[in-house]
Amino acid sequence: MRGALEKMAGENSANGQAIRCELAAEALCVSGKLRLRVFGGSMLPSIWPGDVLLILRTPPADIEPGDVVLYAREGGFLAHRIVKKEKDTFTTRGDSLRADDEPVSFRQVLGKIAIIERSGVHFVPKNKLQGPARLLSLLMRYFNPLKTLTLRLNSLRLKLGRALSNRETETA
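Residues numbered from 1 in each chain as written. Predicted model: local features only at pLDDT ≥ 70, side-chain atom pairs only at ≥ 80, totals over all residues. Heavy atoms only, no water.

### Considering the pattern of salt bridges
Logical step 1: One pass over the full model with this rule turns up 7 salt bridges.
Logical step 2: The partner of Arg 35 in a salt bridge is Glu 117, with the nearest N and O atoms 3.1 Å apart. Of this pair, Arg 35 sits in strand S1 (residues 33-37) while Glu 117 is found in strand S7 (residues 109-118), placing the two residues 82 residues apart along the sequence.
Logical step 3: Overall, the relative accessible area of 52% leaves Arg 35 in the exposed class.
Logical step 4: Of the charged contacts in the structure, one is a salt bridge between Lys 112 and Asp 67, with a shortest N-O distance of 3.5 Å. Pair noted here: Lys 112 is in strand S7 and Asp 67 is in the loop between strand S2 (52-56) and strand S3 (68-73), with a separation of 45 residues, a long-range link. (Salt bridge = Lys/Arg side-chain N within 4 Å of Asp/Glu carboxyl O. Helix = DSSP H or I, 4+ residues; strand = E, 2+ residues; numbered from the N terminus. Buried < 20%, exposed > 50% of the residue type's maximum accessible area, 1.4 Å probe, protein only.)

This is how it looks when you write it as structure tokens:
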């Protein structure tokens with residue numbers, strides 16, 4: 001019985017995720033823009049868990065290698081960098097991942113990341129990692145404990161930010 005309940009909960013969670021993604025994609029198609037909070041760490045150090053992305057609907061002709069895009073795959077979303085553009089597909093990869101993703105058809109791409117919001121600061125994503133960010137990206141690709149440590153420190157930063165925000169709300 002317990003196994004069946006866990007399986008149902010997992011299916012409901014996956015189904016709920018797919019429904020939320022479909023609604024978000026529809027909202028992006030209708031309004032031309034969408035804000036999403038990031039949960040994964042595949043784009044470290046460019047995009048961190050907890051960042052909020054502003055995605056703008058963008059035609060494939062206006063997307064070039066170096067741009068970070070949001071695309072749909074297997075009932076979810078991925079925000080990865082374009083590494084190659086071909087006739088009707090893109091090749092993407094997360095900045096802290098070693099391997100390219102499977103090719104992404106132009107139809108799967110929902111839009112381009114226009115703004116990243118982190119801790120109240122807004123900035124435009126860079127088309128190419130340089131200097132310390134490039135070095136950190138390479139280290140995270142090949143030294144998994146560094147990526148794990150980075151994600152844990154970021155999690156603590158987010159918890160501390162929420163605690164401080166709640167404290168300010170209580171005293172106001």
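There's more to say after this.
### Quick notes on the pairing of S7
Logical step 1: Judged from the 5 bridges that link them, S2 and S7 form a sheet pairing that is antiparallel. Residue Leu 53 lies in a different strand from S7, and its bridge partner there is Ile 116.
Logical step 2: Pairing between S3 and S7: 3 bridges, direction antiparallel. Bridged to Leu 70 within S7 is Gly 111.
Logical step 3: Pairing geometry for S7 and strand S8 (residues 121-123), over 3 bridges, is antiparallel. Following the sheet pairing, Arg 118 is matched in S8 by Val 121.
Logical step 4: From the end of S7 to the start of S8, which pair antiparallel, there are 2 residues, and Ser 119 there has a positive phi angle of about 50 degrees. (Pairing = 2+ DSSP bridges.)

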